[in-house]
Amino acid sequence: DSGVTQTPKHLITATGQRVTLRCSPRSGDLSVYWYQQSLDQGLQFLIQYYNGEERAKGNILERFSAQQFPDLHSELNLSSLELGDSALYFCASSVAEYEQFFGPGTRLTVL
Amino acid sequence: AQKVTQAQTEISVVEKEDVTLDCVYETRDTTYYLFWYKQPPSGELVFLIRRNSFDEQNEISGRYSWNFQKSTSSFNFTITASQVVDSAVYFCALIAYSGAGSYQLTFGKGTKLSVIP
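Just so we're clear, the structure is a prediction, and the values are computed from it rather than from any experiment.

Cut-offs and rules
- Residues numbered from 1 in each chain as written.
- Chains lettered and ligands numbered in written order.
- Predicted model: local features only at pLDDT ≥ 70, side-chain atom pairs only at ≥ 80, totals over all residues.
- Heavy atoms only, no water.
- Core = buried A, V, L, I, M, F, W, Y, C linked by side-chain atoms within 4.5 Å.
- Buried < 20%, exposed > 50% of the residue type's maximum accessible area, 1.4 Å probe, protein only.
- Helix = DSSP H or I, 4+ residues; strand = E, 2+ residues; numbered from the N terminus.
- Contact = heavy atoms within 4.5 Å.

A.B. asks: Residue-level account of the nonpolar core, with values.
C.D. replies: One finds W36, W66, F75, F77, Y90 and L113 of chain B to be the most contacted residues of the largest nonpolar core, which totals 25 residues. Put simply, the parts of the chain that give this core at least two residues each are β2 (10–14), β3 (19–21), β5 (32–39), β6 (46–52), β8 (64–69), β9 (74–79), β10 (88–97) and β12 (111–116) of chain B. A per-element tally of this core places β10 of chain B first, with 5 residues. Once residues lying within four places of it in the same chain are set aside, the contact partners of L113 of chain B are I11, V13, V19, I79, D86, S87, A88 and Y90 of chain B. Within the second largest apolar cluster, 21 residues are counted, among which are V32, A66, A87 and Y89 of chain A.

Here it is as structure tokens:
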């Protein structure tokens, strides 16, 4: 158990809908990272937050957004969902940049 | 930009055989970290090892060993006497500084290992 929690574990929704994925980092970790694992793109970095501020952006679509709250939990919002957004979404947290701890992931299925 | 290449998409071995998973990386940074993760069928990412760019010592942990060679930009992973429980997708990854205080993991495409009983 990494200490990072993600909810929900599974999510099934329809095209055009909006969903929110939640991540609670390990106690004391200020950085939260979001990664997407899809069949065609593999595992790729989406976005990083550090202590409530956006730190870096990767290949994140404009339909996707994220935020980190004062209690350091983070939410990833996916809107206008398309079939291709079906993927496993991982959250990771860290206190040191070279050590990211991954949550169990949220499996999103868009029908 | 960073890049990690795992040329082997899928490998099948018979139980008790040794298997080596290849990883080649590219980065312009002199300080970086290399990782191997295991993703079993259940989907979670299991951390296996981290190496920094200044430590080229090979490492052995039980049946697992890693060979880091900066001269060839490779970080290969060997499983000795493979077992069915080793069946999983294995990812090699790299962390290097990406600007503005950000360090993000760049993953290879993964190698799916199937160990046949």
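A.B. asks: Requested: an account of unusual backbone geometry, with residues and values cited.
C.D. replies: Residue and element names in this part refer to chain A. Note that the residue after T7, namely P8, is joined by a cis bond; omega there is -10°. At N51, a position not held by glycine, the phi torsion is positive, near 50°. Relative to the helices and strands, N51 is located in the loop between β5 (42–50) and β6 (53–57). We note that L72 has phi near 80°; this positive angle belongs to a residue other than glycine.

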